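Each chain, written out:
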Amino acid sequence: GAPIHKAIIDGYKETGITIMYMDTKMDSGDIIAQKSTDILDSDNLETLHDRLMIMGRDLLLETIPKIVEHRNDRIVQDERLVTYAYNITREEEHLDFSQSAYDLFNRIRGLSPSIGAYCLLDDQIFKIYSAYVLSDQSFHGKVGEIVHVSKEGIVVCTGKDYLVLTEVLPFGKKKMSVSSYLNGINRDNLVGKVLK
């Protein structure tokens with residue numbers, strides 16, 4: 001499954017680690033210990049994974065002695081609260097610019113830096129690894145349209161607000177900052193193009 005990816009993509013503000021007993025069904029055993037952490041706007045899949053890995057290690061070191069000494073908690077899970085985070089599909093990697101800029105921002109962070117979210121630019125796969133939301137109302141365009149280009153980023157119109165792309169992987173190239181990408185193309189040709 002992809003619980004870390006999905007927590008970011010789905011806009012959760014918090015996630016965490018659970019140590020539990022094994023049971024016949026997957027992840028259904030009694031809870032021994034839990035610890036949570038905030039999901040920050042600065043997090044992506046890698047940073048959140050690494051933080052959870054350290055939290056898991058520390059929680060395990062704290063919990064094992066309690067289990068050995070029979071001092072640990074044993075909390076039955078409420079099956080009504082169970083959620084599932086299935087593997088990421090190719091369709092989930094695709095950016096639909098009719099969504100809000102914030103939803104797209106979450107999808108990009110939840111897939112970065114390993115998988116990368118993608119769209120099509122000139123019918124070629126164009127991956128996006130980093131972006132931010134811009135609420136500036138001075139730009140106007142249709143959904144998916146590139147409305148402004150500068151070394152700070154490529155501004156794309158979305159269903160709500162604007163998404164500024166800052167790290168990309170153009171088809172047949174390597175991952176790079178937008179400023180590096182713009183060095184190799186005529187940036188004026190980008191404005192008005194529609195990402196699909």
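Structure: above.
J.: Sorry if this is basic, but what is going on with the overall build of the protein chain here?
T.: Secondary structure assignment for the protein chain yields 5 helices and 8 strands. Listed by position from the N terminus, the elements making up the protein chain come as α-β-β-α-α-α-β-β-β-β-β-β-α. The C-alpha radius of gyration of the protein chain comes to 21 Å, more than 25% above the 16 Å expected for a compact globule of 196 residues. Each principal axis of the C-alpha atoms in the protein chain carries an extent, and together these give about 70 × 30 × 30 Å. Burial statistics for the protein chain: of 196 residues in total, 39% are counted as buried. Across the protein chain, every contact between residues at least 6 apart in sequence was considered, and the portion connecting residues at least 24 apart equals 61%.

J.: Explain the pattern of salt bridges here, please?
T.: Any two side chains of opposite charge can pair, so long as their charged atoms come close to each other. Inspection of every chain in the model, using the stated rule, returns 8 salt bridges. The residue aspartate 43 makes a salt bridge to arginine 51 at a minimum N-O spacing of 2.7 Å. Notably, a salt bridge pairs aspartate 122 with lysine 193, separated by 2.7 Å at the nearest N-O pair. Of the two residues, aspartate 122 sits in the loop between strand S3 (117-121) and strand S4 (124-134) while lysine 193 sits in the segment after helix H5 (178-183), which places them 71 residues apart along the sequence. On the accessibility criterion, aspartate 122 (48% relative accessible area) is partly exposed.

Cut-offs applied
Residues numbered from 1 in each chain as written. Predicted model: local features only at pLDDT ≥ 70, side-chain atom pairs only at ≥ 80, totals over all residues. Heavy atoms only, no water. Helix = DSSP H or I, 4+ residues; strand = E, 2+ residues; numbered from the N terminus. Rg over C-alpha atoms; globule rule 2.2 N^0.38 Å. Buried < 20%, exposed > 50% of the residue type's maximum accessible area, 1.4 Å probe, protein only. Contact = heavy atoms within 4.5 Å. Salt bridge = Lys/Arg side-chain N within 4 Å of Asp/Glu carboxyl O.

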